[in-house]
Amino acid sequence: MTKSPRLRRAGQVVLGLALTLIVAGCASNAPQDTLKPEGKYARQIDNLFKPVFLIAVVVFILVEGLVLFSVLKYRRRSDDLDEPADFPEQIHGSTKLEIGWTILPAVVLGLVAIVTIPVIFTLNSHPKGSMDITVTGQKYWWAYDYPTQPDVGITKAITTANELHIPAGKTVYLSLKSKDVIHSFWAPRLNGKRDVVPGRVHTWLLQADKPGVYSGQCAEFCGTSHANMRLKVVAHDPASWDKWVATMEAPLTKPTSGLAAEGYTLFQQKGCSGCHKVDGQWDEVAAGNPSAPNLTKLFTRDCFAGCIYNLDDRNELEAWLRNPQRKAGSLMKIGQLSEDEIDRLYAYLQTLK
Ligand code: CUA
């Protein structure tokens, strides 16, 4: 018996769709793969996800299998077409079945709840000995404030942006706030998503098993540059953590000559210092101005503007100074700068390390 062309065509479509799904699921370099946890909280979620997903797959196969079976077995066949269809026997309900399919899902969901609830409580706890960091989400970047906490070597409060630095292995307790709209903090390999809601403080835990760089992003649509609101979590080994803290706490040296000194003056003349703090140099931010990333140790970072541009690449920062709207919806307003002014500002910014 040969298959009908329609059946073959349907088979091809199904195969095509399945292949598309399978191929789209493959990526050799996927830094935000939530299925490859690298910390204990992400792992707890993963350990829940896998069995629950398995249950869902079994239920799916069972239900869809029964649907397909009934559709195929009891379909109207071509040799029935000449006669009027028999009106099927009418049955109303089956008490056994009704009770069965009410109780069975309830039991399954009950089991899922039993394993899920403790994880929810763990993820929302405040473990003893954890390190505190306040995270502020805003259009379209993240600010991080580290209060003084001598047990992790921080003897002077630290403020930075875009890159969240943590010691590997340490449990980090984040207090999340928003300056404007709802954002969502998400570093997929270190924990799940946490909404950041204006007027509230939400907390979240992070922990990275090993030193490394873990990328993340805002996971709640927040405006034109939502997709550009990325972040990096940098987990340090003990020596490099101490070095990072020491660098962040060391006072800056004010440039006294050359292009950098001219850039320093220009930084105020062009209004940059009205929004961007630079500790020990530009500490007063004008009231009512949009808050902008603290630039104190800018040149110790790898990325800027919501971590979408590389700071190593001079062209990226110059292009930014030429037109901050290259990131749609950026709140940075700076008039047209001459190439000469850009050089001076760049020279000054480079001293911030
Ligand atoms: Cu912030 Cu999306």
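Residues numbered from 1 in each chain as written. Predicted model: local features only at pLDDT ≥ 70, side-chain atom pairs only at ≥ 80, totals over all residues. Heavy atoms only, no water.

A. Quick look at the pattern of salt bridges. Summed over all chains, the structure comprises 14 salt bridges. Between Lys36 and Asp33 there is a salt bridge whose closest N-O contact spans 3.6 Å. Taking relative accessible area as the criterion, Asp33 reaches 19% and is therefore assigned buried. Across the pair Asp343 and Arg314 runs a salt bridge, and its minimum N-O distance is 3.6 Å. A residue pair is termed long-range when its members are at least 10 positions apart, and Asp343 in helix H7 (residues 339–349) and Arg314 in helix H6 (residues 314–322) qualify at 29 residues. Looking at Arg314, the relative accessible area reads 35%, which means it is partly exposed. Here the residues in one salt-bridge network are Arg314, Glu318, Arg322, Glu339 and Asp343, joined through shared partners. (Salt bridge = Lys/Arg side-chain N within 4 Å of Asp/Glu carboxyl O. Buried < 20%, exposed > 50% of the residue type's maximum accessible area, 1.4 Å probe, protein only. Helix = DSSP H or I, 4+ residues; strand = E, 2+ residues; numbered from the N terminus.)

B. Region of interest: the nonpolar core. Tyr146, Leu164 and Phe185 are the most contacted members of the largest nonpolar core, which totals 39 residues. Core analysis: the next-biggest nonpolar cluster, separate from the first, contains 25 residues, Trp282, Phe299, Ile334 and Tyr348 among them. (Core = buried A, V, L, I, M, F, W, Y, C linked by side-chain atoms within 4.5 Å.)

C. A look at the sheet that holds strand S9 (residues 212–217). Taken together, three strands build an open sheet; the order of strands is S4-S10-S9 and the sheet is mixed. Each having just a single partner strand, strand S4 (163–167) and S9 make up the two edges of the open sheet. Neighbour-to-neighbour, the strand axes of the sheet open up by a mean angle of 20°, direction not taken into account. Where S4 meets strand S10 (residues 230–236), five bridges bridge the pair, whose relative direction is parallel. (Pairing = 2+ DSSP bridges. Axes fitted to C-alpha atoms, helices over the stretch in contact; angles between N-to-C directions.)

D. How the structure looks around the state of the cysteines. Per the stated rule, a full pass over the model turns up one disulfide. Summary of cysteine pairing: Cys275 is not part of a disulfide, and the nearest cysteine sulfur, belonging to Cys272, is at 8.6 Å. (Disulfide = S-S within 2.5 Å.)

E. Just the layout of surface pockets, in detail. Here the largest pocket is characterised by a volume of approximately 560 Å³. Lining the largest pocket are 33 residues, and of these His276, Ala292, Pro293, Trp320 and Met332 lie nearest its centre. Where the lining of the largest pocket is concerned, the elements lending two or more residues are H6 and H7. In terms of residues, the lining of the largest pocket owes the most to one element, H6, which gives three residues. For the lining of the largest pocket, the domains that each give at least three residues are domain 1 (32–73 + 94–248) and domain 2 (258–349). (1 Å grid on protein atoms, 1.4 Å probe; cavity = no way out; pocket = protein on both sides within 12 Å on 5 of 7 lines; lining within 4 Å. Points joined across faces, edges and corners; volume = space filled by probe spheres on them. Domains from an automatic or database assignment.)

F. Spatial organisation of the packing of aromatic side chains. Within this structure, the stated rule accounts for twelve aromatic pairs. Judged by centre distance (5.4 Å) and plane angle (55°), the ring pair of Tyr146 and Trp244 falls under tilted. Here Trp244 lies in helix H4 (residues 238–249) and Tyr146 lies in strand S2 (residues 141–146), a separation of 98 residues in the sequence. Residue Tyr146 is classed as buried on the basis of its relative accessible area of 1%. (Phe/Tyr/Trp six-rings, centres within 6.5 Å; stacked < 30°, edge-to-face > 60°.)

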